[in-house]
Amino acid sequence: MRYIYLHGLASSPGSAKAVYLRDRFAELGVTLLVPDLNQGDFSHLTLTRQIQQIQTEFLATPTPITLIGSSLGGLTAAWLGEYHTFIQRLVLLAPAFGFLSHWLSTLGEETRHQWQVEGYRPIYHYGEQKELLLSYQFVEDIRQYEQTHRLKRPIPTLILHGQHDKVIPINESLIYAKERSWVELIPLNSDHSLSDVKAEIWQSILTFCQ
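This text gives an overview of the structure that appears in the document. The structure presented is a predicted model; accordingly, all values stated were derived computationally and were not measured. (Residues numbered from 1 in each chain as written. Predicted model: local features only at pLDDT ≥ 70, side-chain atom pairs only at ≥ 80, totals over all residues. Heavy atoms only, no water.)

## Details of the layout of surface pockets
Phase 1 of the analysis: Empty space within the largest pocket amounts to approximately 650 Å³.
Phase 2 of the analysis: Contributing to the lining of the largest pocket are 24 residues, with L9, S11, S71, Y126 and H192 lying nearest its centre.
Phase 3 of the analysis: Of all the secondary-structure elements, those providing two or more residues to the lining of the largest pocket are α1 (16–27), α4 (99–103) and β5 (120–125).
Phase 4 of the analysis: Counting residues per element, the lining of the largest pocket draws most heavily on β5, at 4 residues.
Phase 5 of the analysis: Residues belonging to the lining of the largest pocket are distributed by class as follows: 14 nonpolar, 8 polar and 2 charged. (1 Å grid on protein atoms, 1.4 Å probe; cavity = no way out; pocket = protein on both sides within 12 Å on 5 of 7 lines; lining within 4 Å. Points joined across faces, edges and corners; volume = space filled by probe spheres on them. Helix = DSSP H or I, 4+ residues; strand = E, 2+ residues; numbered from the N terminus. Nonpolar A, V, L, I, M, F, W, Y, C, P; charged D, E, K, R; others polar.)

This is the structure in structure tokens:
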């Protein structure tokens, strides 16, 4: 079994959750693979590119895989699990279901229109600790992944979602889990970052993966 962690939008393999989980897996003698989804070109990031990257780097051989994805990485993991049967388990941390309806709406109509017209918009990148430009193609591309009702493969899935998440409300995960008997949802007393419940996340992952 290989374990792969997919970080969120404007994050990196050096994020707090990625480093914490990588260290916990290492204590068990297990390598947690954490690819850089920025690929040195955050400005032209799309969800399709993330999916293609993981397919190329890790899915060429039919090795059993557990995918752990945070936020946009969680949405990426869910779509990868739909089409690759040797992905045998999913752990989704505050998965970005309904991403556009929540995240894009916070920008305001004028800002969204300006982004579309100009083609790029500065986004604060937590990994780089500065603003980087992101192409509007990111928005156009992700629309095709908003229809989560198309995710029907009964793959064992654990969702951990903060009850106080204002970026992607927990209700998105509640609806997703309610419609799928193979999904377990654990609400956590946290926000979207889940940064203060890392130990709880790890214990839940251990139980689920056993």
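Still more ground to cover, so stick around.
## A word on the side chain of D165
Phase 1 of the analysis: Here D165 lies in the loop between β7 (157–162) and α7 (170–178).
Phase 2 of the analysis: Among the polar contacts made by the side chain of D165, one reaches the main-chain amide nitrogen of V167 at a distance of 2.8 Å.
Phase 3 of the analysis: Among the polar contacts listed, one links the side chain of D165 to the backbone nitrogen of I168, at a separation of 2.9 Å. (Polar contact = N/O pair within 3.5 Å; in protein donor to acceptor, adjacent residues only side chain to side chain.)

## Description of the pattern of salt bridges
When the charged atoms of two side chains lie near each other, side chains of opposite charge can form a pair.
Phase 1 of the analysis: Under the defined criterion, the tally for this structure stands at 3 salt bridges.
Phase 2 of the analysis: Between R24 and E27 there is a salt bridge, and its shortest N-O distance comes to 2.8 Å. On the criterion of helical spacing, the pair formed by R24 and E27 is a turn pair, its members being 3 residues apart in helix α1.
Phase 3 of the analysis: Its relative accessible area of 17% is what places R24 among the buried residues.
Phase 4 of the analysis: Among the residues examined, E27 registers a relative accessible area of 57% and is labelled exposed.
Phase 5 of the analysis: The salt bridge partner of R112 is E109, with a shortest N-O separation of 2.4 Å. Of this pair, R112 and E109 both sit in helix α5 (residues 109–118), separated by 3 residues, roughly a single helical turn. (Salt bridge = Lys/Arg side-chain N within 4 Å of Asp/Glu carboxyl O. Buried < 20%, exposed > 50% of the residue type's maximum accessible area, 1.4 Å probe, protein only.)

## Remarks on unusual backbone geometry
Phase 1 of the analysis: One non-glycine residue, Q39, lies in positive phi territory at about 55°.
Phase 2 of the analysis: Q39 sits in the partly exposed class, given a relative accessible area of 40%.
Phase 3 of the analysis: Of note in this structure, A94 is not a glycine but carries a positive phi near 45°.
Phase 4 of the analysis: Residue position: A94 is located in the loop between β4 (87–93) and α4.

## Some thoughts on the sheet that holds β7
Whenever strands of a sheet pair, they do so through backbone hydrogen bonds, lying parallel or antiparallel.
Phase 1 of the analysis: In spatial order, the strands read β2-β1-β3-β4-β7-β8; together these 6 strands make up an open sheet with parallel pairing. Each of the sheet's edge strands pairs with one partner strand only, and the pair in question is β2 (32–33) and β8 (183–188).
Phase 2 of the analysis: Bridge analysis of strand β1 (residues 2–6) against strand β3 (residues 65–70) gives 5 bridges, and the strand direction is parallel. For Y5, the partnering residue across the bridge sits in β3 and is I68.
Phase 3 of the analysis: Sitting on the sheet, helix α3 (residues 72–83) touches β1, β3 and β4, and the angle it makes with β3 is about 150°.
Phase 4 of the analysis: Sheet contacts for α7: β7 and β8; angle to β8, the most-contacted strand, approximately 155°. (Pairing = 2+ DSSP bridges. Contact = heavy atoms within 4.5 Å. Axes fitted to C-alpha atoms, helices over the stretch in contact; angles between N-to-C directions.)

## Some remarks on the packing of aromatic side chains
Phase 1 of the analysis: On inspection of all chains with the given rule, the structure shows 11 aromatic pairs.
Phase 2 of the analysis: Taking the centre distance of 5.9 Å and the plane angle of 80° together, the rings of W103 and W115 count as edge-to-face. Here W115 lies in helix α5 and W103 lies in helix α4, a separation of 12 residues in the sequence.
Phase 3 of the analysis: Members of the aromatic cluster, joined through ring pairs, are F99, W103, W115, Y136 and F138.
Phase 4 of the analysis: Here the guanidinium or amino end of R180 rests over the ring plane of Y176, the centre of that ring lying 3.8 Å away. (Phe/Tyr/Trp six-rings, centres within 6.5 Å; stacked < 30°, edge-to-face > 60°. Lys NZ or Arg CZ within 6 Å of the ring centre and 35° of its normal.)

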